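Notes for the structure review
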Amino acid sequence: MKTAVSHVTFDCRDAYAQAAFWCEVFDVPVDAEDNPGDPEAIVRVESGPTLLFVQVPDDKAVKNRVHLDLQPGIPRDEEVERLRGLGATQRDDQRRPDGTGWVVMTDPEGNEFCVERSRAERDAGPRPAEG
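Reading the values: rules and limits
Residues numbered from 1 in each chain as written. Predicted model: local features only at pLDDT ≥ 70, side-chain atom pairs only at ≥ 80, totals over all residues. Heavy atoms only, no water. Helix = DSSP H or I, 4+ residues; strand = E, 2+ residues; numbered from the N terminus. Pairing = 2+ DSSP bridges. Axes fitted to C-alpha atoms, helices over the stretch in contact; angles between N-to-C directions. Salt bridge = Lys/Arg side-chain N within 4 Å of Asp/Glu carboxyl O. Buried < 20%, exposed > 50% of the residue type's maximum accessible area, 1.4 Å probe, protein only. Core = buried A, V, L, I, M, F, W, Y, C linked by side-chain atoms within 4.5 Å. Contact = heavy atoms within 4.5 Å. pLDDT = per-residue confidence, 0-100. Disulfide = S-S within 2.5 Å.

What follows deals with unusual backbone geometry. Phi at Asp27 is positive, roughly 55°, even though this residue is not glycine. In this structure, Asp27 sits in the loop between helix H1 (15-26) and strand S2 (40-43).

And the structure:
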């Protein structure tokens, strides 16, 4: 018998608000059983693992040891701007002149995640060096 991942779980101060943010990121509806103030909330990602947000009394204090790497369906830089509009914050920029690299962002409670290039950008390969 093989073991499977049931959820990727995040501790947070406001489970419903965190789930609502991530539902917007993945363009999926908030679960019908989740309500503001609930101690847990779930995000059912269509093409990946389920995300579970669990309310805890303490704030995030250090860098995540595990994080999500997102590969958007639109160009990476457009996705970064879209996520900023949803309330994410850019924490680090690892984009390179040839178009490779990623952007480190944080969700509204400070959990880090990375935005990689889209599949189309990867398939196109690195851009020639400018100069």
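Below, the discussion takes up the sheet that holds strand S4 (residues 68-70). Reading across from one edge, S4-S7-S6-S5 is the order of the 4 strands in this open sheet, with mixed pairing throughout. In the strand order of this sheet, the two ends are held by S4 and strand S5 (89-93), each with one partner. Between one strand axis and the next, the sheet turns by 30° as a mean value, whatever way the strands run. One ladder, built from 4 bridges, connects S5 with strand S6 (residues 103-106); its direction is antiparallel. Directly across from Asp92, in S6, lies its bridge partner Val104.

This part takes up the pattern of salt bridges. In total, this model carries 11 salt bridges according to the counting rule given. Across the salt bridge formed by Arg13 and Asp59, the nearest N and O atoms sit 3.2 Å from each other. With Arg13 in the loop between strand S1 (7-12) and H1 and Asp59 in the loop between strand S3 (50-55) and S4, this pair connects stretches of sequence that are 46 residues apart. Here Arg13 falls in the partly exposed class, since its relative accessible area comes to 42%. A salt bridge links Arg82 to Glu79; the shortest N-O distance between them is 2.8 Å. Of the two residues, Arg82 and Glu79 both sit in helix H2 (residues 76-86), 3 residues apart, roughly one turn of that helix. The exposure class assigned to Arg82 is partly exposed, which follows from its relative accessible area of 30%.

Right, let's get into the nonpolar core. Trp22, Val43, Leu51, Phe53, Leu83, Met105 and Phe113 are the most contacted members of the largest nonpolar core, which totals 23 residues. Secondary-structure elements contributing two or more residues to this core are S1, H1, S2, S3, S4, H2, S6 and strand S7 (112-115). Per-element tally for this core: the top contributor is H1, with 6 residues. Those residues in contact with Met105 that sit more than four places away from it in its chain are Val80, Leu83, Arg84, Ala88, Thr89, Gln90, Arg91, Asn111, Glu112, Phe113 and Val115.

Turning next to the confidence of the model for the protein. In the predicted model, the protein carries a mean pLDDT of 93, and 97% of its residues have values of at least 70. Summarising per-element confidence for the protein, the mean pLDDT is lowest in helix H3 (residues 119-124) (92) and highest in S2 (98).

Moving on: the state of the cysteines. Disulfides are covalent bonds that connect the sulfur atoms of two cysteines. Summed over the entire model, instances satisfying the criterion amount to 0 disulfides. Sulfur of Cys23: no disulfide; nearest cysteine sulfur belongs to Cys12 and is 13 Å away. Cys114 takes part in no disulfide bond, and the closest cysteine sulfur, belonging to Cys12, lies 20 Å away. On the basis of relative accessible area, Cys114 is assigned to the buried category, the value being 10%.

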